[in-house]
Structure formats: structure tokens, C-alpha cells
Amino acid sequence: MFLRRQASAHQRAGRAGRTQPGKCFRLYTESSFKKDLQEQTYPEILRSNLGSVVLQLKKLGIDDLVHFDFMDPPAPETLMRALELLNYLGAMDDDGNLTPVGNIMSEFPLDPQLAKMLVASPEFRCSNEILSIAAMLSSPNVFLRPREAAKAADEAKARFTHIDGDHLTMLNVFHAWKSHNEDSNWCYEHFLNFRSLKSADSVRTQLSRICTRMNLKLVSTPFESKEYYSNIRKAVTSGFFMQVAHLQRQGQYMTVKDNQVVHLHPSTCLDHKPEWVLYQEFVLTTKNYIRTCLDINGEWLIDVAPHYFDLSNFPPGECKRALERMYAKKEKDKSDRF
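So, here is what we can say about the structure in this document. This is a predicted model, so every value here is computed, not measured.

Further remarks concern the packing of aromatic side chains. Tallying each qualifying case throughout the model produces 11 aromatic pairs. When the centroid spacing of 5.9 Å and the interplanar angle of 75° are considered together, the rings of Phe-160 and Trp-186 count as edge-to-face. A residue pair is termed long-range when its members are at least 10 positions apart, and Phe-160 in the loop between helix 8 (150–158) and helix 9 (166–179) and Trp-186 in helix 10 (residues 184–189) qualify at 26 residues. A relative accessible area of 7% means that Phe-160 is categorised as buried. Where Phe-174 meets Trp-177, the ring centres are 6.0 Å apart and the plane angle is 55°; that geometry is what we call tilted. Taken together, the positions of Phe-174 and Trp-177, both in helix 9 and three residues apart, correspond to about one turn of that helix. In terms of burial, Phe-174 and Trp-177 fall into one category: buried. An aromatic cluster is defined as three or more aromatic residues linked by ring pairs; in this entry it consists of Tyr-88, Phe-241, Tyr-308, Phe-309 and Phe-314. Above the plane of the ring of Phe-33 lies Arg-26, whose end atom (NZ or CZ) is 5.0 Å from the centre. The cationic tip of Lys-257 hangs over the ring face of Tyr-308; the distance from NZ or CZ to the ring centre is 4.0 Å.

So, about the sheet that holds strand 3 (residues 261–264). The strand order around the closed barrel built from five strands is 1-2-3-5-4, with neighbouring strands paired in mixed fashion. Shown here is a sheet whose adjacent strand axes are inclined to one another by a mean of 50°, direction ignored. Taken together, the three bridges between strand 1 (residues 244–247) and strand 4 (residues 276–284) define a ladder with antiparallel strand orientation. When the bridges of strand 4 are listed, His-246 appears paired with Trp-276.

You can see His-167 is positioned in helix 9. Within the structure, His-167 has its side chain in polar contact with the side chain of Gln-280 (distance 2.7 Å). Setting aside anything within four residues of it in sequence, one finds His-167 in contact with Ile-133, Leu-137, Val-236, Leu-278, Gln-280, Thr-292, Cys-293 and Leu-294.

Criteria and thresholds
Residues numbered from 1 in each chain as written. Predicted model: local features only at pLDDT ≥ 70, side-chain atom pairs only at ≥ 80, totals over all residues. Heavy atoms only, no water. Phe/Tyr/Trp six-rings, centres within 6.5 Å; stacked < 30°, edge-to-face > 60°. Helix = DSSP H or I, 4+ residues; strand = E, 2+ residues; numbered from the N terminus. Buried < 20%, exposed > 50% of the residue type's maximum accessible area, 1.4 Å probe, protein only. Lys NZ or Arg CZ within 6 Å of the ring centre and 35° of its normal. Pairing = 2+ DSSP bridges. Axes fitted to C-alpha atoms, helices over the stretch in contact; angles between N-to-C directions. Polar contact = N/O pair within 3.5 Å; in protein donor to acceptor, adjacent residues only side chain to side chain. Contact = heavy atoms within 4.5 Å.

So, in C-alpha cells, the structure goes:
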């Protein structure tokens, strides 16, 4: 059933007979209409991640968010989660004020985590690559998989697959498309959505202009360097360290802090199970799936976000024990140097 609201059904019915006599046939029962469909669509602000909204309000100098006159006020808990997210990302300090990093993040028309990934990328000498990844993540899915040619589409996707995950696979696709002069026929032959790639290119150009205006250096690690892909993965981790899962002994993944059992989505390019995996989306279907995944090193987590991975308020479990081992190793390495 595509309709979810009674208001949408009434609107569709109203279109029949507007210009000439017509009929509207509903493919569900009257009882289903009354029981299963909600009366009205929920306002967008009640369905969205409020991180971007809060960041923009802070940028406008609105500090009292609890008493702000929203047309449809979100739940206080949702606001608090957004403030907590921005605090962990370094966009806001403990007093609720916008930091210099937050000020730059607010200039990007992106979710705060994508914006933080971009702002941090010059530090890892990969801002050009992160621009491309951010643009691809902000555009519709680039891979086409028609049912009648599913095997050929999978083989075509395998040519772009990077062993470390989907973010780097997207980067491979974008670079390959550019190297083939943005050819639409090449996209057709390789089961790629030409419109999505054009959209990503347009988004990248816009983000690049903002980076230049905000004095963010556009740099790259030399492709021949063994650090090339590691630096990109570190930069992605700096924005999405809160969306990480750890492999358990039973062979399943557990999300950090939330302790949700999750599985790698079938569409992911990862053909192995890394100990730590960063994910872009949490999808609930028959199981809890994580989609658009990246193999990361656990030690990067305590480097980029020691405040988030503070073990004093961490839930017990295998993930905490793994973090304790990494902290102990880090201390040992430090004492060996001195």
C-alpha cells in the first residue's frame, strides 16, 4: 500500500473528475482505510534528524530552543539528542554555544555528520576525495539492478568494488565516470544511473565552492601512498564515529553503545567481516541491517573521538572489552616512546 494517510487518499480521489467525469478505485477495503491509514501526514520536522535544524538555529543566534516558537514543536528528547550529537561532533561546546568548527559546519547544506567529515578532511590530506564521497552520499543510489539483468549488473558493480567498503566503491565509480568524460553510454553499459552521477557532480561543485569560501584546503594524499585509502577512511570515521558496529564472537554485529544486533545488508560491497564496521544507514526489514558500510580500524575511534568512547559511561560487553584493550595498547606505546 503506497498511501499512508487518509488525507492523501482524499486528495487522489479529488483528482478524478476535475476536468471531466471520472471515477477513483481504491485497492483496499473501507475498514483498512479507517483503521490502517492515519488522518494526516506528520510534519517534516517531526520525522527528520534535528541536527541540521538545531545547527541552523544556533547559527541564527537562537539559543533558547526549548521555548522557540515552532509551528509543530518536536519532542524535547529529540531536541536533546540533536544537541548531544552536535556536542559530540565538536560543533557545540558544553555551554551550548557554537564552536568555530560548528560555525564552518553550518555553512554546508548537509547533515552535521557529513559536514564534520568534510571539515576534518584537510587534516587527513584527503579533502578532494571526501568531497566526492559526500556528494555521492547526498545523491540517489548510483547502482542500477534491473531484475531481468541482475547478474550482469552485479558483475558490473564488482568491477568498481573496493575491498574496504561502499564509500570507497562510490569513489571508484565517480573517478571512473570522470575518466570516461561523463559519458552516458558508458553508464548504461555499466548499469550506473547517469542522472545520479550528474547530481553528485553538481553537489560536489557546490560543496567545493563553500570549502574555498571557508578557507578549507582542497588537498589529496598521493595515490601511490599506502596511506591514500587509510586517510580517506579516517576522515569518514571523524564524522560517523557514532555509527559503528563491533563484530561479536557469535559472528553477528552489535552497534556501539546502543547494543543493537545488526547484520550487513546484502547490497554492501564488503565480502568479509571486519572487527569494526562504520555504517551510513540503519535499515529495519525482516532483520536489523546496516547499509553503506566501511571497514575501519578500531584504534581510529579512540583517536578521533576519545570523548565519545569514554569507558566510564560505556555499557558492558565485548565492545567495551575491545576498547579497553586498545586504550591499554595506546598507553603502552606511549610509555615505550618515553
